[in-house]
Amino acid sequence: MDTTASVSKGVFLFTNGFKKGKGIKKKSEQPLFEKMFMKEPWYETYKQNWNYIEQQLQDLHHKSYSVLLNNVVDYIKYSGINETATLEGVIPSATLLTGVNQPDHVSQFTALIDIIRDEVTPHVALVNSQDAPSIKHLVENTVWQLINGKTALENYDEEDEHISPTKKLRKSQCTMKALKNWYESRHQSPTKKKTLPLKKPLVIIIPDFESFNCSVLQDFVMIVSGYVSIMPIVLVFGVATSVSALHNSFPYHVSSKLLIKVFHSHSSVVYMNQVLEDIFLTHTCPFQLSGKAFELLTDVFLFYDFSVTGLIQSIKYCMMEHFYGDNLQSLCCDREQLEELIMKLSAEDLESIRQLMSFRPFLEQQDCRTKIKLFEDDNFFREALYHELDRHHDYLYSFYMCLRLLCVFVKDLPKNTLGKTVREIYTKCSAECVTETTAFKDCMQLLKFQSQFKMVESIKNALKIINSYLQVVSPVKPLLTSPTKNNSNNLSLNDDLGQNFVKSLRVHLLTFLRQIENANTETTVLTNVSPEADGNDENVPGNRYKLKEKLLKATRVDRVQSEFEMVRSRFVSYLEDMFSKGLQSARTQPFHEILLFTDVSNVRKNIIGSPRGAVHTALSNPVHYLQCSCCQLPSSDSVTESLPDVCLAYKLHRECGMYINLYDWLQAFATVLHPDEEDDQRHQHPLTQLRFTRAVAELQFLGFIKSYKRKTDHVMRLTW
Amino acid sequence: MEELQNKVPCREEQLNGLFNLLGDGDECLPCSIFISGSMATGKTLCINAVLRCLSYKHVVIDCIECYTPKIIFETILSGLEDEEIEVKCETMMDLVNGLNRLQEAQLGYNPIVLVFDRAERLRNLDANIMSAFLKLRELCNLNICCIFVTHLIYESFNFRRGVREPIKLYFSNYNKEELFKIIFLQQKTFIHHLLVTYEVDNEIKGELEKPELFANFLNAFLSVFYRPCRDLIELQHMACVNFMKYCEPIIKNEISAMDLTKLWRHISPILKSSLELLYLRLSDAKAVKPSPGKENSDTDSIPHNFENMLKEELTSTKTFAQSFELPYYAKFLLIAAYLASYNSPMEDKRLFMKNHGKQRKRLQQVKAKAKISEKLNTQLGPKVFTLHRLLAIFYAILEEKIGLTSNLLAQIATLVELKLIAGSKEIDLDTAKYKCIVGYDFISAVAQTVGFNVRKYLYDFM
């Protein structure tokens, strides 16, 4: 996407984006946010970024759903025509295989409903399993939605002369008969409306098939099948597991009433890869996740829930965490706004930028005078900062391009040491300098054995990527070059990244491509001169076999390096050079903190809740939450009297076995509270007993113990 | 009568029976008739044809949609009413009153018939409703008759004593000849369907329209399908689908329409494979006229493969399980659930702990085990286990150390939702009990995808 265009989009959304609302919770808090942070530059940048990302996400949604949804909609449209089937009481039904991640389905189905409303019919009902515990509820809900969905729409439809029955049906009156009457009154009485192409179908969507009660659905299908000859009804099932779930839960006489057409949606892993590659792992997204954080989020996705919505929300959380309360981060924005924003920064902000860790190595590279200038002269520093950040954007640009190139070359290699997808490679690359790892070296070694055909193919793919990258940048070109000229004079630069880098890369690759393609003919020259020109691509596969034979022969005779092999090894070493330039770890860059989010541990704590762990910490180490000075413990097992009673009882109970004698427990409890009294008297304080009883009751409430029936003075432990 | 029998073929006996019971307008109707017979034997068709022929006032009630008696009552009353008015009727008493009112107002002693289709559903309502309908005539002043249509026999309606027995009528299954006859009547529509889907030369069209061809096909078809399925509707559907395939080589000029043996050889494997798809009703309607905008080559190819894939999925759980996509830990949770269900808790220590000590094999035990070997745990069905046990086993079989997070706990609920584990959805703090409801084949396939050997941890296989 065009960078300039993206900015305008971001700003555009900024004005009206919040009417739509992201989530209920956010919505209610929005005014507070607005009031508190509206003036803060970091908040504005955050919002801009997020809106931009959201916009991109929606585009992607539309793109990825559209094919599937259009197929479904076509099916629904067509199903009405097929008269022969409906006469027998067979319901046309579409089955969407959606994959197991339930939360993501919501958006998919709302999109489906929107499309159906627009293109096919206004009568759509969506019934969730929670709303339909029995057949009565199911029918009532469906009918109510079908009838009222239409009346809601009719308000827009002024010319519809058929005035809707103003009296609204009560829920209990919504039976299939009522629906039938309504439908007939709507579609048959106005004889003028013969222009209407067809009876509009009624669509009933059941998004979560599995959680429905089987018998309810069976009855529902039977009922509907009784009415199909009168009204064209189409069912849409959302099935999370597989089609056989549908067949397993319906007996024969029910499933024979359904005409099932199956649609596959993308698996969520594919979808996640798409989201990550197209939106977050690009140079156009200024907010960057560090490799560790990124890995954490994808792990949550792969190991736990398969939910893309969840993933996006986590990333949003990371963004909030990154931007919150810090004006530095307002610089984490698009290139074009950078200059303006830097000018806005106060002296304080600049000072805090000077304290960033990555500023130091940058400083050490400069000569003495510049050093002093950087510290004293704010304007000079601003300029330097701008320049460095600009360079950082250049770096990102070439980094992501190299990433994709690497992915192209490495993807098909055996053993997959670096991984197959862009996201896997990204985690490796951003964590450390990838070119120094053994995995990378192995890959390059393997590349040296790759066949010519594959090599040509992957170079072509690589060139495609480069071209697309160059297209993206070219309109920005004038903007790019002018500032670099401005201050290139007094800073030491190694400006070989960015667009120029890519361009030279392209030239190199093109020459290599030509050489490798031609190398083929050269090798044949070694043994016998073949007149036909097989430089063109179509002949390459055939040539590969020839080449192989020849290579075999060559090995038998004497391993003379063929032309191709020589070019290949030169090419691979070039690749190594290129990647080591392009794929430097982000941490080596000055001021990377501004764009890169690294606070993994915090995110881990906040995103992945662990209820039991929290309770355990609270009870065994109350200081962690209370922040009091009295309960500082030398070790987690030790006890003092100042601890809250519950904690004390908890710690004592951890020392016991399966069954705990209450009397002994009380003794121990009392000993801690009153260490200096006589053994017999300690526990006789009514106050002690009271506190103890209460602590035990609280522990029981928390689920750590329960009473034991066989021995009345014992309790049973429930946790280990 | 003749006309009626043409309309409803092969049911002469039953039609005659119904006519004898209902036919004479000046006689009193019988109090109630009970019609039974298995599915798709023409019960409803017969009744409706007879009633329409006699032009009696009648109401047909599909009992399956009557989840409350109110709906039945209101359907009856509004069906008997001449003009459309709003009816309210909550109880049986209201119904009787309403009927009496109607009798005075408009009906008089004209015969009225109430047909209860799928009457077996009436059993789920209050117990007295069915018996009240059985003696409806005693309750109100009408020449009324209730007909119950069901696929159950009368004995499975358990009434208390004092019910007036209805007159019973049984619809037997169609036999092979009758099925042949009935489906053969549909030849025209089949041919029409065929011609709509394919473009056929006139010459071949003539060939296809010959009834002998269809008769031959039907013979072949019924020889395969008659055993597993007597459902006429389903048979018609399958015949339609398969007839298309039967005619395909003729249309393509590969086999001549007269060459019966070749045609048989062509169709018999197809019939056998489509036997597996019986009742499934997969729509193989190809995306009709794909709009020019989107021409994805993969979307077109999917439906073709799909039929095969589904067949595989149904026949072997293994491919089914592999087509299943679950998060990594969810897979382990599922395996843990399976192990918890199919091992007795006594053996947990032995199975999952590293240093469980050696167990002496006593002769007695060995004998005992040999004795009950026919009732292996894996064959006895899953046992209930608690959440704690599930988690303990989960951590035992998982090599890496992970925290007990809320995400993990949410996975259990998801598995319940997907019907892989049975259990209560709401979380009971002390005693959440679950049961794994997938089979061994499924689990071993899932385990294979994560590289885990299930057999090693099943006590039965030790």
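What you see is a predicted model, and the numbers here were worked out from it, not measured in a lab.

**Structural notes on the overall build of chain A**
For step 1, the next point in the chain: Helix and strand counts for chain A stand at 33 helices and 10 strands.
For step 2, the next point in the chain: Considering chain A as a whole, with its 720 residues, one finds that 51% of them fall into the buried category.
For step 3, the next point in the chain: Partitioning the intrachain contacts of chain A with sequence separation of at least 6 by distance along the chain shows that 75% fall at a separation of at least 24.
For step 4, the next point in the chain: About 34600 Å² of surface is accessible on chain A, with carbon and sulfur atoms providing 54% of the total.

**Some remarks on the nonpolar core**
For step 1, the next point in the chain: Of all hydrophobic cores here, the largest spans 182 residues; its most connected members are Phe287, Ile353, Leu406 and Phe579 of chain A together with Leu339 and Phe452 of chain B.
For step 2, the next point in the chain: Here this core takes 20 residues from helix 18 (residues 378–410) of chain A, the largest share from any one element.
For step 3, the next point in the chain: The contacts of Leu406 of chain A, once residues within four sequence positions are left out, are Leu418, Ile425, Cys429, Phe440, Met444, Phe579 and Leu583 of chain A.
For step 4, the next point in the chain: Judged by nonpolar contacts, the second largest core, of 83 residues, contains Ile135, Val221, Ile223 and Val254 of chain A.

**Brief notes about the sheet that holds strand 2 (residues 124–126) of chain A**
All names here are of chain A.
For step 1, the next point in the chain: The five strands are arranged 2-3-4-1-5 in an open sheet whose pairing can be described as parallel. Since the sheet does not close on itself, it has two edges, and those belong to strand 2 and strand 5 (258–264), each with one partner. Here the strands of the sheet are splayed against their neighbours by 20 degrees on average, with no regard to which way each runs.
For step 2, the next point in the chain: Bridge count between strand 3 (residues 202–206) and strand 4 (residues 233–239): five bridges; the pairing is parallel.

**A few points about helix 8 (residues 214–227) of chain A**
Residues and elements named next belong to chain A.
For step 1, the next point in the chain: Spanning 14 residues, helix 8 covers 20 Å between terminal C-alpha atoms, matching the ideal 20 Å at 1.5 Å per step.
For step 2, the next point in the chain: Most of helix 8 is tucked away: 11 of the 14 residues are buried.
For step 3, the next point in the chain: Along helix 8, the residues classified as buried are Val216, Leu217, Gln218, Asp219, Phe220, Val221, Met222, Ile223, Val224, Ser225 and Tyr227.

**Examining a negative patch on the surface**
For step 1, the next point in the chain: A cluster of acidic side chains, namely Glu641, Asp676, Glu677, Glu678 and Asp680 of chain A, defines a negative patch on the protein surface.
For step 2, the next point in the chain: Secondary-structure assignment places Glu677 of chain A in the loop between helix 31 (662–673) and helix 32 (679–682).

**A few points about the sheet that holds strand 5 (residues 167–170) of chain B**
Residues and elements named next belong to chain B.
For step 1, the next point in the chain: Within the open sheet, the five strands sit side by side as 2-3-4-1-5. Their pairing is parallel. Single-partner strands in this sheet number two, and they are strand 2 (57–62) and strand 5. Pairwise comparison of adjacent strand axes, ignoring direction, gives a mean angle of 20 degrees for this sheet.
For step 2, the next point in the chain: Docked against the sheet, helix 3 (residues 43–54) engages strand 1 (32–36), strand 2, strand 3 (112–117) and strand 4 (144–150), running at close to 155 degrees with respect to strand 4.
For step 3, the next point in the chain: In the packing of helix 4 (residues 69–80) onto the sheet, the strands contacted are strand 2 and strand 3, and the crossing angle to strand 2 comes to about 155 degrees.

**Points about the confidence of the model for chain A**
Residues and elements named next belong to chain A.
For step 1, the next point in the chain: Looking at chain A, pLDDT values average 72 and 76% of them are 70 or higher.
For step 2, the next point in the chain: Here residues 152–167 is a poorly scored stretch, pLDDT under 50, and it has 17 contacts once near neighbours within four places are set aside; other chains count.
For step 3, the next point in the chain: Here residues 189–197 scores under 50 on pLDDT; set against residues more than four positions off or in separate chains, the count is seven contacts.

**Regarding the packing of aromatic side chains**
For step 1, the next point in the chain: As enumerated under the stated definition, the model contains 34 aromatic pairs over all chains in all.
For step 2, the next point in the chain: A centroid spacing of 5.1 Å and a plane angle of 55 degrees characterise the contact between Phe217 of chain B and Phe243 of chain B, whose relative ring orientation is tilted. Here Phe217 of chain B, found in helix 11 (residues 211–225), pairs with Phe243 of chain B, found in helix 12 (residues 232–251); they are 26 residues apart in sequence, far enough to count as distant.
For step 3, the next point in the chain: For Phe217 of chain B, a relative accessible area of 0% translates into the label buried.
For step 4, the next point in the chain: Residues Phe394 of chain B and Tyr395 of chain B carry aromatic rings whose centres are separated by 5.4 Å and whose planes lie at 70 degrees to one another, so their mutual orientation is edge-to-face.
For step 5, the next point in the chain: One aromatic cluster is present, formed by Phe303 of chain A together with Tyr328, Tyr329, Phe332, Phe394, Tyr395, Phe452 and Tyr457 of chain B through successive ring pairs.

**So, helix 21 (residues 406–417) of chain B**
For step 1, the next point in the chain: Here helix 21 of chain B is 12 residues long and its end C-alpha atoms lie 17 Å apart, about the 16 Å a rise of 1.5 Å per residue gives.
For step 2, the next point in the chain: Within helix 21 of chain B, the full set of buried residues consists of Asn407, Leu408, Gln411, Ile412, Leu415 and Val416 of chain B.
For step 3, the next point in the chain: Lining the buried residues of helix 21 of chain B we find helix 12 (291–305) of chain A together with helix 16 (328–342), helix 20 (387–397), strand 7 (421–423) and strand 8 (433–436) of chain B.
For step 4, the next point in the chain: The first or second residue beyond helix 21 of chain B is Lys419 of chain B, which carries a positive phi of 65 degrees.

**Some words on the packing of helix 16 of chain B against helix 20 of chain B**
All names here are of chain B.
For step 1, the next point in the chain: Where helix 16 meets helix 20, the axes come as close as 8 Å, and the angle between the chain directions of the two elements is 120 degrees. Crossing geometry of helix 16 relative to helix 20 is assigned as right-handed. Facing helix 16, whose interface residues are Tyr329, Phe332, Leu333, Ile335, Ala336, Ala337, Leu339 and Ala340, helix 20 presents Arg389, Leu390, Ile393, Phe394 and Ile397.
For step 2, the next point in the chain: In terms of residue class, the contact of helix 16 with helix 20 is built from 12 nonpolar, no polar and one charged.

Analysis parameters
- Each chain has its residues counted from 1, running along the sequence as written.
- Chain labels run from A onward and ligand labels from 1 onward, assigned in the order the entries are written.
- Where totals are concerned, whole chains, interfaces and linings use all residues; where local detail is concerned, this predicted model gives features only for residues with pLDDT of at least 70, and gives and counts side-chain atom pairs only at 80 or more.
- For side-chain calculations, the full set of non-hydrogen atoms in the structure is used, while hydrogens and water are omitted.
- A run of DSSP states H or I qualifies as a helix once it reaches four residues; a run of E qualifies as a strand once it reaches two. Both are numbered from the N-terminal end.
- Only protein chains enter the accessibility calculation, which uses a 1.4 Å probe; a residue is then buried when its area is under 20% of its type maximum, exposed when over 50%, and partly exposed in between.
- Only heavy atoms matter for contacts: two residues are in contact if any of them lie within 4.5 Å across the pair.
- Surface exposure here means Shrake-Rupley accessible area, sampled with a 1.4 Å probe, where a residue is shielded only by the protein chains that are shown.
- Nonpolar cores were defined as sets of buried Ala, Val, Leu, Ile, Met, Phe, Trp, Tyr and Cys residues, with membership established by side-chain atoms within 4.5 Å.
- Any two strands with at least two DSSP bridges between them are considered paired.
- Each axis is a line fitted through C-alpha atoms, and for a helix only the stretch in contact is used; angles between axes span 0 to 180 degrees, taken between their N-to-C directions.
- Expected span of a helix: the number of residues minus one, times 1.5 Å.
- Only residues whose relative accessible area exceeds 30% and that form no salt bridge enter a patch; like-charged residues are grouped when within 9 Å of one another, and nonpolar side chains (Val, Leu, Ile, Met, Phe, Trp, Tyr) when within 5 Å.
- For this document, the term salt bridge refers to a Lys or Arg side-chain nitrogen within 4 Å of an Asp or Glu carboxyl oxygen.
- Within this scheme the basic residues Lys and Arg register as positive and the acidic residues Asp and Glu register as negative, but His and the chain ends are omitted.
- The location of each charge is read from NZ of Lys, CZ of Arg, CG of Asp or CD of Glu.
- pLDDT expresses how confident the predictor is about each individual residue, on a scale running from 0 to 100.
- Only Phe, Tyr and Trp rings are paired, with Trp represented by its six-membered ring, and only when their centres lie within 6.5 Å; those with planes under 30 degrees apart are stacked, over 60 edge-to-face, the remainder tilted.
- The sense of a crossing depends on the near helix, which, turned anticlockwise from the far helix by less than a right angle, makes the crossing left-handed and, turned clockwise, makes it right-handed.
- For this classification, the nonpolar set comprises Ala, Val, Leu, Ile, Met, Phe, Trp, Tyr, Cys and Pro, the charged set comprises Asp, Glu, Lys and Arg, and every other residue, Gly included, is treated as polar.

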